Amino acid sequence: MASLWAVLALLALSSAQDSLLNICMDAQHHKSKPGPEGQLYGQCVLWKDNACCTANTSIEAHRDQSYLYGFNWDHCGAMAQRCKRHFIQDTCLYECSPNLGPWIDQTDSSWRRQRILNVPLCREDCEQWWEDCRDASTCKVNWHKGWNWSTGTNQCPRGAMCQKFKYVFPTPADLCEKLWSHSYRYTTERRGGGRCIQMWFDPIEGNPNVAVAQYYARGSAADPPRSPAPLALLALLGSALLGAAPWG
Ligand SMILES: *[C@@H]1O[C@H](CO)[C@@H](O)[C@H](O)[C@H]1NC(C)=O
Ligand SMILES: *[C@@H]1O[C@H](CO)[C@@H](O)[C@H](O)[C@H]1NC(C)=O
């Protein structure tokens, strides 16, 4: 009997893990399932072999005040392209990646049922973003909430002063974590180590985030992976089978 339970537990565990892999979140512009998208545009092209975004979304991701969210990156004056490219890449990752399953969280907002929470971003991706944007300006720490939308695009709320990013976000972690209310988590993990999500990658070598999602799916969403758990179950299964006299 113990062995049967162990088998069932293993099956349940592995299907729970699989359900976190290769999926699209239930949000405003995402496809219901990932698949090839040969016409992805510009910086989003990295995901063309398997994407949650359409070609239309990938084009719109590059536009100021696009059809996607009407969001204005230039709310405190024009943002330099060197900085803006990181916001475009952030949008591409959010809209296109099928590898964010372990960090999908339910949300009650009016415009989406799911969001991402605490995606462990590679250190280099976050630091380069901060470095390239330190002299750009903004009036808010959390860009999800508190804007004045009366004109159809986000404007600084009354009393919010435009300041350089380096004062609004003193560290790279402040930028990556606070900007989108903890969609990202700053980590000290390095690119290529399989333990953090890359916003940028070389598609010639495949999508490195596939393995990262697999690694974290073995644990649970925001927690460190509990790799001993499957091992303990295997041990249990092994001893149950060995001790299963009736099958002997
Ligand atoms: C994307 O689709 C929307 C809605 O159908 C449309 O308004 C917009 O013009 C399209 N964008 C492009 C670049 O085709
Ligand atoms: C919002 O923006 C409009 C148009 O610029 C302005 O008239 C209004 O006072 C603003 N409201 C707040 C609360 O900042």
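What comes next concerns the included structure. Just so you know, these numbers come straight off a predicted model, no measurement behind them. (Residues numbered from 1 in each chain as written. Chains lettered and ligands numbered in written order. Predicted model: local features only at pLDDT ≥ 70, side-chain atom pairs only at ≥ 80, totals over all residues. Heavy atoms only, no water.)

## Overview of the site of ligand 1
Line of reasoning, step 1. Lining the immediate environment of ligand 1, one finds Asn56, Ile59, Glu60, Arg63 and Tyr67.
Line of reasoning, step 2. One nitrogen or oxygen atom from the side chain of Asn56 is found 2.3 Å from an oxygen atom belonging to ligand 1.
Line of reasoning, step 3. The side chain of Glu60 places a nitrogen or oxygen atom 2.7 Å from a nitrogen atom of ligand 1.
Line of reasoning, step 4. Look at ligand 1: alone it shows 360 Å² of surface, and the protein chains cover 47% of it.
Line of reasoning, step 5. Here the residues of the shell around ligand 1 are counted per class, giving two nonpolar, one polar and two charged. (Near = heavy atom within 4 Å. Polar contact = N/O pair within 3.5 Å; in protein donor to acceptor, adjacent residues only side chain to side chain. Areas by Shrake-Rupley, 256 points an atom, 1.4 Å probe, with all protein chains shown as cover. Nonpolar A, V, L, I, M, F, W, Y, C, P; charged D, E, K, R; others polar.)

## Describing the environment of Pro172
Line of reasoning, step 1. Note on placement: Pro172 falls in helix α6 (residues 172-178).
Line of reasoning, step 2. A relative accessible area of 16% means that Pro172 is categorised as buried.
Line of reasoning, step 3. Non-local contacts of Pro172, meaning those with residues more than four positions away in its chain, are made with Cys126, Glu127, Trp130 and Tyr186. (Helix = DSSP H or I, 4+ residues; strand = E, 2+ residues; numbered from the N terminus. Buried < 20%, exposed > 50% of the residue type's maximum accessible area, 1.4 Å probe, protein only. Contact = heavy atoms within 4.5 Å.)

## As for the state of the cysteines
Line of reasoning, step 1. Overall, the coordinates contain eight disulfides when judged by the stated rule.
Line of reasoning, step 2. A disulfide bridge connects Cys122 with Cys196, and the sulfur atoms are separated by 2.1 Å. Residues Cys122 and Cys196 are joined by a disulfide whose S-S torsion is about 95°; by sign, that bridge is right-handed. Placement of Cys122 in the loop between β3 (119-121) and α4 (123-133) and of Cys196 in the loop between β6 (184-186) and α7 (209-217) is noted, with a sequence separation of 74 residues between them.
Line of reasoning, step 3. Given the relative accessible area of 0%, Cys122 is considered buried. (Disulfide = S-S within 2.5 Å.)

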